[in-house]
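Report on the structure
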Amino acid sequence: MSITLESKIPSGPVGLKWSKYRQEMKLVNPANKRKFDVIVVGTGLAGASAAATLGELGYNVKAFCFQDSPRRAHSIAAQGGINAAKNYRNDGDSVFRLFYDTIKGGDFRAREANVHRLAEVSVNIIDQCVAQGVPFAREYGGLLDNRSFGGAQVSRTFYARGQTGQQLLIGAYQALSRQIQAGTVKMYARTEMLDIVLVDGHAKGIITRDLVTGKIEAHAGDAVVLATGGYGNVFYLSTNAKGCNVTATWRAHKKGALFANPCYTQIHPTCIPVSGDHQSKLTLMSESLRNDGRVWVPKKKEDCGKTPHQIPESDRDYYLERKYPSYGNLAPRDIASRAAKEACDKGLGVGPGGRGVYLDFSASIKRLGRNKIEERYGNLFEMYERITGENAYEQPMRIYPAIHYTMGGLWVDYELMSNVPGLFVIGEANFSDHGANRLGASALMQGLADGYFVLPQTIGGYFATNKNGRPTADHPEFKKTLEDVNTRINTLLSIKGKRTVSDFHRELGKLMWDNVGMARTEASLKQALQRIPEIRAEFWENVNVLGDGNELNPALEHAGRVADFLEFGELLAYDALQREESCGGHFREEYQTEDGEALRNDEKYAYVAAWEYKGVDQFPVLHKESLVYEEVHMTQRSYK
Amino acid sequence: MNLTLRVWRQKNANTPGQFVTYQAQDISPDMSFLEMLDVVNEVLIKRGEEQIAFDHDCREGICGMCSLVINGAPHGPLPHTTTCQLHMRSFKDGDTITIEPWRATPFPVLKDLVVDRASFDRVIQSGGYVSVSTGGAPDANALPIPKDSADKAFDAAACIGCGACVAACKNASAMLFVAAKISHLSLLPQGKVEEERRVLNMVAKMDEEGFGNCTNIGSCEAACPKGISLDNIARMNRLYLKALLKSNL
């Protein structure tokens, strides 16, 4: 099967593409919608909003999540806020500016048409969420408050204290609950998707495992929507929830869906540093903290062991303010992260292991008073104290970058459909909107844009033009895939080796972080590519998964996910190796400017790298979608 | 530090469980409670014993998935702290720690420390939302909302649905959880419209799921990792009474 990448971007000026698309799209008559069954996997912001909206439109929806309730998806942990081009501040914001900031923040590696649509619907998201009862922060006059966020010079971020993701997810969860009650959505919690089923080349269902009873089941539908989040846990330590995994998208990839730009991984600059080998995850603190916190390290190595109070002002290097005077502490995430690594590599880091920099609130507390700071970030300061035992009102926080978000994902066209017909991918699981780097407060925006406003419309076009019907779950393709899933589970349980699943996950994660992490080189990537297949081979010979398949078995769940990470990690490294440039979240040490900034190569690499799976231990095949910029000119990002 | 753990082990919902004693060795005070259990589980697996099953996901105190009754207290000894955010510096070398699942009829044990909290989802499904479909919303600033109301609504909406309130209550009452949702929505004009229907339906569902009545003792508030106030229960009772009287007119 030869693959052609058709992005299906509507013609015409970028500002009119979405209107034109909607004007021309084929519709499904309201009475016919109930004849279509849609499978939605994942119930984070994208999945829950999509399932709820599809249900409202009249489709029959089956929604799946591995957590015990759809309300727990990891979108809930997003802290800072959600962007929208409302221009409520009268500070010069517009749809075009949000579009441009997102393109520029993504280092000119995103698709223009998708990003413009995202900026357009951003304003509807806020309206929708307020109508649902999301308690956004307000001013005394009763109108919505905004804050500014990294990578933007306007205040366009709406927030609900430091728990914006929680409040938005609960809004979507409640909308979903309403549809469950109405009978349009059937919810399967504690149910994990383990494979996807294709019939005549179209995605027509999934195979799931009931995580309580172990029952393996086939679900047939007219289309499958993956809203299964990112793959940050390939690094073992990340700010993702422990359950986040690549399995759904990787399984789809193995069935033919192209995986795009896996090397675009975002490192978040404001996380709590690692405290020891026992570390099971890293905790992010909203980057909104950088609005009022100043980042610094000691100027002299000999000061690193001192308490911060002992270091006089003149001996502190506020390096972000020094290097990027116009953005200062609000420089985009990738830039702020690398600057922290650079300081620590020079031996100027603070805290255990010297992998940390200070984030200091003393100036803001002096200027605004402790109460104001507490109101803005109280929960973050409490969280910091619970984890570190330190009071950040009295001494600066210590922060260090950690893997946080993954811009890469399954390749999708303008309709958010992958190259496999009937397989739609939304939210973090797709690749489409953030290019090589995502701006703060844009993940929530994209998840909800896809789920509330884009997918529910574009999926209708697929149904209106593809009348190939829905197979039943006893179709031979379902039986075959179900057998494959069973075989794999039985294999995992029968290895009975000597090493635990976590042990393998840690080893893979460390290799990925050291060689394919914040800074990559040809040599480090080649080393990873040599080592990953070795770890994978050992995994399949020496992993120890106890217990049975027909019961609640956390080790078995983890084993399946790590097995997929062990294949996926290799693709990530391949992608990083072929992209001989630095851009956004992909930094190759060989390609940097004299002052250490990412050096893009627009002539050679202004494309989306979409990979085709060819088998384990086989080279994947690279397909390229050229990025054509009609509206904006590619420039070197400068935040000075 | 070295600790003795008494952990509830139970194969599944249909098999009786019992406490099993384990030693947790070389535990760092900087570990979270769940990281301590991770370490114990690694040792168990290496000995050929099945790991202790417990619910967890975000490990940053917001998803509400983690649980555990630790030495008799849901989420352990620290106020306003979920189990995943509890760190071992809250314990002493040589301590014996008893670890149990939430215990309440509407939360049946599935395995070891994992319980089924789907009853909470069903209570929300019975009315814990504003009935607006995507697309018809007016401009977000069309309706000013006093900051104080928005802040109070937020305080109630901060509930993470973990179920500690139920686990703490001798009646296994879910009043704090249900009242938090009812308050969140009733404090905002958007939620006012369906207020009466909502409170009647959610309370009925709560009773149907087998949650008990309020004891007025307040152990739920004390156990709540998000500091949800008992005032919400008073608000719910007031709204319930009003709605009930009106519905009988």
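Residues numbered from 1 in each chain as written. Chains lettered and ligands numbered in written order. Predicted model: local features only at pLDDT ≥ 70, side-chain atom pairs only at ≥ 80, totals over all residues.

Attention now goes to the domain arrangement of chain A. Residues and elements named next belong to chain A. What the domain assignment lists for chain A is domain 1 (23-209 + 226-264 + 407-465), domain 2 (268-403) and domain 3 (495-599). Taking only C-alpha atoms, the centre of domain 1 and the centre of domain 3 are 26 Å apart. Every contact between the two is made by 24 residues of domain 1 and, on the other side, 26 residues of domain 3. Elements that contribute at least two residues to the side of domain 1 that touches domain 3 include exactly β6 (191-199) and α7 (247-254). (Domains from an automatic or database assignment. Contact = placed C-beta atoms within 7 Å. Helix = DSSP H or I, 4+ residues; strand = E, 2+ residues; numbered from the N terminus.)

With that out of the way, let us pick up the interface of chain A and chain B. Taken together, the contact between chain A and chain B spans 63 residues of the former and 65 residues of the latter. For the side of chain A that touches chain B, the secondary-structure elements that each account for two or more residues are α3 (45-57), α5 (112-132), α6 (164-182), α12 (370-388) and α17 (554-578) of chain A. Here the side of chain A that touches chain B takes 9 residues from α6(A), the largest share from any one element.

A few words on the sheet that holds strand β4 (residues 73-74) of chain B. Residues and elements named next belong to chain B. As summarised here, the arrangement of the 5 strands in space is β2-β1-β5-β3-β4, forming an open sheet in which the pairing is mixed. Among the strands making up the open sheet, the edge pair consists of β2 (18-24) and β4. Bridge count between strand β1 (residues 3-9) and strand β5 (residues 96-100): 4 bridges; the pairing is parallel. Across the sheet, the residue bridging to Thr-4 is Thr-96, located in β5. (Pairing = 2+ DSSP bridges.)

Moving on, we get to α5(A). The end-to-end C-alpha distance of α5(A), which contains 21 residues, comes to 30 Å, matching closely the 30 Å that a straight helix rising 1.5 Å per residue would cover. A maximum bend of about 35° is found in α5(A) at Val121(A). (Expected span 1.5 Å × (residues − 1). Bend = angle between axes of the 7 residues up to and from the residue.)

Let us now look at α17(A). An α-helix turns once per 3.6 residues; consequently, residues spaced three or four apart project the same way. Residues and elements named next belong to chain A. Relative to the 36 Å expected for 25 residues at 1.5 Å per residue, α17 spans 36 Å between its end C-alpha atoms, a close match to the ideal helical length. Along α17, the helix axis deviates most sharply at Leu-566, where the bend reaches about 25°. With 22 of 25 residues buried, α17 lies mostly within the body of the structure. (Buried ≥ 20, exposed ≤ 12 C-beta atoms within 10 Å, placed from the backbone.)

Counting residues in each nonpolar core, the largest one holds 282 residues, and the members touching the most others are Val225(A), Leu410(A), Cys165(B) and Val178(B). If you tally residues by element for this core, the top one is α17(A), at 13 residues. Ignoring sequence-local partners within four residues, the contact set of Val225(A) consists of Val38(A), Ile39(A), Val40(A), Val41(A), Ala50(A), Phe424(A), Ile426(A) and Leu455(A). (Core = buried A, V, L, I, M, F, W, Y, C linked by C-beta atoms within 7 Å.)

All names here are of chain A. Across the sheet, which stays open at both edges, the 5 strands sit in the order β5-β2-β1-β9-β17 with parallel pairing between neighbours. Where the open sheet ends on each side, the last strands, each with one partner, are β5 (185-188) and β17 (423-425). In this sheet, adjacent strand axes meet at a mean angle of 20° when their direction is disregarded. In terms of strand pairing, strand β1 (residues 37-41) meets strand β2 (residues 60-64) through 5 bridges, oriented parallel. Bridge assignment links Val-38 to a residue of β2, and that residue is Val-61. Packed onto the sheet, helix α13 (residues 443-465) meets β1, β9 (223-226) and β17 and runs at close to 150° relative to β9. (Axes fitted to C-alpha atoms, helices over the stretch in contact; angles between N-to-C directions.)

A separate point is the packing of α3(A) against α13(A). Residue and element names in this part refer to chain A. The contact between α3 and α13 brings their axes to 8 Å, and the two run at 20°. As the angle between them shows, α3 and α13 are arranged roughly parallel. Where α3 crosses over α13, the handedness of that crossing is right-handed. When α3 is examined against α13, the residues Leu-45, Ala-46, Gly-47, Ser-49, Ala-50, Thr-53, Leu-54 and Leu-57 are found in contact with a partner set consisting of Leu-444, Gly-447, Leu-448, Asp-450, Gly-451, Tyr-452, Leu-455 and Pro-456. (Parallel < 35°, antiparallel > 145°, perpendicular 65-115°, else oblique. Left-handed = near helix turned anticlockwise from the far one by under 90°.)

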